[in-house]
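# Topology and contacts: notes
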Amino acid sequence: MSTFWDLKHRLAEAINAHDIPGILSCYSPDAVYVAPSGMAEGHDQIAWIYEQFFTGFPDFHAMAWFELGDCDNPAVTEWTYTGTHTGPLLLPDGQEIGGTGHRVTLRATCSSFVERDKIQTHREYFDQLELYSQLGFGLTRLRPDARDHSAEKHGPPRTEEIRRLSPRNGNVVVKLRRHGRT
């Protein structure tokens, strides 16, 4: 019987080899993969997620630099992902952008819960804004009808400073509270 870490290491090797069958061999058939961009259930959807990474970043590479040694299940790893964006990338809103040629380095962490020697749930965490900024774009603009029009009606919000003593150490704590004009 292999350990959870053997399984995670095998997954990392398959990811870096862009080996979809090898990746799927680490997941149970009904596994759930959760990431900032969405959720995938089962081998078909999980394969599709990894194919998107490898299509958008043909040189995608994951380097583990920290493994939570005191914890077996879930197995928690911190990564650095690198790659060059040369292929299409599907955005969460369904739009696709072509390759930008930008090289990215992204910090990430994941936790994998293992049952019966297979990953049952895999939760991936990374900062999408960090990724998009490295690709040369940031947040999208809201549609005009979705904007908050309160500032147009009431003027910009005021900020009021509140000072109080911290109950723990007696230091002054400053909080800013925003109020709309009335």
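Coordinates for the structure precede this section.
Residues numbered from 1 in each chain as written. Predicted model: local features only at pLDDT ≥ 70, side-chain atom pairs only at ≥ 80, totals over all residues. Heavy atoms only, no water.

### Points about unusual backbone geometry
To keep things clear, this is the line we draw: Helix and strand assignments come from DSSP, with helices taken as H or I runs of at least 4 residues and strands as E runs of at least 2, each series counted from the N terminus. Only protein chains enter the area calculation, which uses a 1.4 Å probe; residues under 20% of their type maximum are buried, those over 50% are exposed, and those in between are partly exposed.
Phi is positive for His-18, close to 55°, though the residue is something other than glycine. Here His-18 shows up in the loop between helix H1 (4–16) and helix H2 (20–24). Here His-18 falls in the partly exposed class, since its relative accessible area comes to 24%. Phi angles above zero are rare outside glycine, and Asp-117 is one such case at about 65°. By relative accessible area, which is 34% here, Asp-117 ends up partly exposed.

### What to know about the environment of Leu-89
Filter applied, for reference: By definition in these notes, contact holds between two residues if any of their heavy atoms fall within 4.5 Å.
Tracing the chain through its elements places Leu-89 in strand S5 (residues 89–90). Spatially, the C-alpha atoms of Leu-89 and Gly-99 are 7.3 Å apart, while their sequence positions differ by ten residues. In this view, Leu-89 contacts Phe-57, Gln-95, Glu-96, Ile-97 and Leu-135; residues no more than four positions away in its chain are not counted.

### Description of the packing of aromatic side chains
Here is the rule: Two rings from Phe, Tyr or Trp (for Trp, the six-membered ring) form a pair when their centres sit within 6.5 Å of each other. Planes less than 30 degrees apart are called stacked, planes more than 60 degrees apart edge-to-face, and all others tilted.
Evaluated as defined, the whole model comprises nine aromatic pairs. With centroids separated by 6.1 Å and ring planes inclined at 55°, the aromatic side chains of Phe-54 and Phe-60 adopt a geometry described as tilted. Through successive ring pairs, a cluster of aromatic residues spans Tyr-27, Tyr-33, Tyr-50, Phe-53, Phe-54, Phe-60, Trp-79 and Tyr-81.

### Observations concerning a nonpolar patch on the surface
Heads up, the condition is: Patch definition: residues above 30% relative accessible area lacking any salt bridge, with like charges linked at up to 9 Å and the nonpolar side chains Val, Leu, Ile, Met, Phe, Trp and Tyr linked at up to 5 Å. Accessible surface is estimated by sampling points in the Shrake-Rupley manner with a 1.4 Å probe; for residues, cover comes only from the protein chains shown. Within this document, salt bridges are pairs made up of a side-chain nitrogen of Lys or Arg and a carboxyl oxygen of Asp or Glu, the two lying within 4 Å of each other.
A cluster of nonpolar side chains, contributed by Met-63, Trp-65 and Phe-66, occupies part of the molecular surface with about 330 Å² of accessible area. Position of Met-63 relative to the elements: it lies in strand S3 (residues 61–67). Taking relative accessible area as the criterion, Met-63 reaches 46% and is therefore assigned partly exposed.

### Some points on the pattern of salt bridges
For the coordinates displayed, the defined rule picks out three salt bridges. With its nearest N and O atoms 3.3 Å apart, the salt bridge here joins Arg-107 to Glu-130. Of this pair, Arg-107 sits in strand S7 (residues 103–115) while Glu-130 sits in helix H4 (residues 128–135), and the two are 23 residues apart along the sequence. On the accessibility criterion, Arg-107 (55% relative accessible area) is exposed. Across the pair Glu-115 and Arg-116 runs a salt bridge, and its minimum N-O distance is 4.0 Å. A relative accessible area of 32% places Glu-115 in the partly exposed class. With relative accessibility at 70%, the residue Arg-116 sits in the exposed group.

### Overview of the sheet that holds strand S8 (residues 118–126)
Our working rule: For two strands to be treated as a pair, DSSP must find no fewer than two bridges joining them. The convention used is that axes are lines fitted to C-alpha atoms, helices contributing only their stretch in contact, and that angles between N-to-C directions extend from 0 to 180 degrees.
Spatial strand order, S2-S1-S8-S7-S4-S3: six strands in an open sheet with mixed pairing. Every other strand in the sheet has two partners, leaving strand S2 (38–41) and S3 as the edge strands with one partner each. Direction aside, neighbouring strands of the sheet carry axes that sit 20° apart on average. For strand S4 (residues 75–84) and S7, the ladder comprises ten bridges, and the chain directions are antiparallel. Among the inter-strand pairings, Trp-79 is bridged to a residue of S7, identified as Ala-108. Here H1 sits on the sheet and contacts strand S1 (27–35), S3, S4, S7 and S8; the angle it forms with S4, its principal contact strand, is near 10°.

### Comments concerning the pairing of S8
Judged from the four bridges that link them, S1 and S8 form a sheet pairing that is parallel. In the sheet register, Tyr-27 faces S8, and the bridge partner there is Ile-119. The antiparallel pairing of S7 with S8 creates a hairpin that spans two residues between the two strands, and Arg-116 there sits at a positive phi of about 50°.

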